[in-house]
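Analysis of the macromolecular model
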Amino acid sequence: MVQLFPGLLYVFIITVIFTVLLVSFTAASLLSQARAIVRKRYIGSVFSKRNVKKVAKRHPVLATMTAMLLNLKDVESNRLLTTFKRPAAMRLYQKCLYVKPYFSSGAYLIQNSDIKAVSIVNSTLNVTFMQEDRIILLQCRGYNLLKWRDSLNALILNHK
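Residues numbered from 1 in each chain as written. Predicted model: local features only at pLDDT ≥ 70, side-chain atom pairs only at ≥ 80, totals over all residues. Heavy atoms only, no water.

1. Some details on the overall build of the chain
In plain terms, the rule: Helical segments are the DSSP runs of H or I of at least four residues, strand segments are the runs of E of at least two, and each set is numbered from the N terminus. All radius of gyration figures rest on C-alpha atoms, and the globule criterion is 2.2 Å times the number of residues raised to 0.38.
In terms of regular secondary structure, the chain is built from 3 helices and 9 strands. Shown N-terminal to C-terminal, the secondary structure of the chain runs as helices and strands in the order α-β-α-β-β-β-β-β-β-β-β-α. Relative to a compact globule of 160 residues, whose C-alpha radius of gyration would be 15 Å, the chain shows 21 Å and is clearly more extended. Expressed as lengths along the three principal axes of its C-alpha atoms, the size of the chain is roughly 85 × 35 × 30 Å.

2. What about the pattern of salt bridges?
Basically, it comes down to this: Here, a salt bridge means any Lys or Arg side-chain nitrogen found within 4 Å of an Asp or Glu carboxyl oxygen.
A full pass over the atoms with the stated rule returns 1 salt bridge. The salt bridge partner of R149 is D150, with a shortest N-O separation of 3.5 Å.

3. Brief notes about the layout of surface pockets
To keep it simple, the criterion reads: Both site types are read off a 1 Å grid over the protein atoms alone. A 1.4 Å probe that fits but cannot get out defines a cavity, while an open set with protein on both sides within 12 Å along at least five of seven lines defines a pocket; lining residues have an atom within 4 Å of a point. Grid points are joined across faces, edges and corners, and a volume is the space filled by probe spheres set on the points. Three classes are used: nonpolar for Ala, Val, Leu, Ile, Met, Phe, Trp, Tyr, Cys and Pro, charged for Asp, Glu, Lys and Arg, and polar for all others, with Gly counted as polar.
Taken as a whole, the largest pocket spans an internal volume of roughly 170 Å³. Residue lining of the largest pocket: S32, R35, A36, R39, F47, L69, T82, T83, F84, R86, S104 and Y108, and that is the complete set. When residues in the lining of the largest pocket are grouped by element, the largest group, 4 residues, is from helix α1 (residues 4-43). Residue composition of the lining of the largest pocket, grouped by class: 5 nonpolar, 4 polar and 3 charged.

4. Section: unusual backbone geometry
The criterion, for reference: A simple rule labels every residue: compare its accessible area, found with a 1.4 Å probe on the protein chains alone, to the largest value its type can have, and call it buried under 20%, exposed over 50%, or partly exposed in between.
With a phi angle near 55°, S123 is a residue other than glycine that sits in the positive phi range. As for its placement among the helices and strands, S123 is situated in the loop between β7 (115-121) and β8 (124-131). Given a relative accessible area of 47%, S123 falls into the partly exposed group.

5. Quick word on the packing of aromatic side chains
Two descriptors summarise a pair of aromatic rings, namely the distance from one centre to the other and the angle between the planes of the rings. Rules: Two rings belonging to Phe, Tyr or Trp (six-membered ring only in the last case) form a pair when the distance between their centres is within 6.5 Å. Interplanar angles under 30 degrees mark stacking, angles over 60 mark edge-to-face geometry, and anything in between is tilted.
Considering all chains together, one arrives at 2 aromatic pairs under this definition. On the basis of an interplanar angle of 45° and a centroid distance of 4.6 Å, the ring pair of F47 and Y108 is categorised as tilted. Placement of the pair is F47 in strand β1 (residues 47-48) and Y108 in strand β6 (residues 107-111), with a sequence separation of 61 residues. Both residues of the pair, F47 and Y108, belong to the buried class. Ring geometry for Y93 and Y98: centres 6.4 Å apart, planes at 75°, overall edge-to-face. Accessibility assignment for this pair places Y93 and Y98 in one class, buried.

6. Some thoughts on the nonpolar core
In plain terms, the rule: Within this scheme, the nonpolar core is defined by two criteria: the residues are buried Ala, Val, Leu, Ile, Met, Phe, Trp, Tyr or Cys, and they are joined through side-chain atoms within 4.5 Å. Contact between two residues is taken to exist if any of their heavy atoms lie within 4.5 Å; hydrogens are not considered.
Membership of the largest hydrophobic core comes to 30 residues, with the highest contact counts inside it found for I43, L97, I115 and L138. For this core, the leading source of residues is helix α3 (residues 145-159), giving 5 residues. I43 has contacts with L72, L81, Y108, Q131 and I136, leaving out every residue within four places of it along the chain. Judged by nonpolar contacts, the second largest core, of 6 residues, contains V55, Y93, A107 and L109.

7. Brief notes about the pairing of β6
What counts here: The pairing criterion is simple: DSSP has to find at least two bridges between the two strands.
Counting buried residues along β6, 4 of its 5 residues qualify, which places the element largely inside the surrounding structure. Note: β1 against β6, 2 bridges, orientation antiparallel. Bridge pairing in β6 places S48 opposite A107. Looking at chain direction, strand β5 (residues 96-101) and β6 are connected through 4 bridges and run antiparallel. Across the sheet, residue C96 finds its bridge partner in β6, namely Q111. Where β5 folds back on β6, the antiparallel hairpin that results is connected by 5 residues, among which F103 adopts a positive phi of roughly 65°.

Structural measurements only, silent on function.
Encoded structure:
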């Protein structure tokens, strides 16, 4: 009987670890799916798989392959539309800003005419844009943020 206790203890520990992992991964998956539904409702076609194909043959004005997409937030309701920080590639075109998170099939495509303000706060590039009467804030970190801010502001001013 005494010899069974170590074996039962191992089974109990393995069961607890498996249960905790299962519950945590399920919760993370459900949270991510819920954010995706909210993001789809708030930003519509700004994030889609077709955006990757739309810019495939264009030449960027400015490109950074190593950026970090911090978050996407609805400013008025203070609601985050993304779940976690992700590495991303950023490209700036004559008519749009393109941000594609790695390991994602879709990409963010923001028309320069929709961008209202570009600023740098605490080494973070903040791009504020309008989408269906909502003010959305996209925050990214990367290299040469001053160059990004100046290029975006120049394209926005030339577009208007």
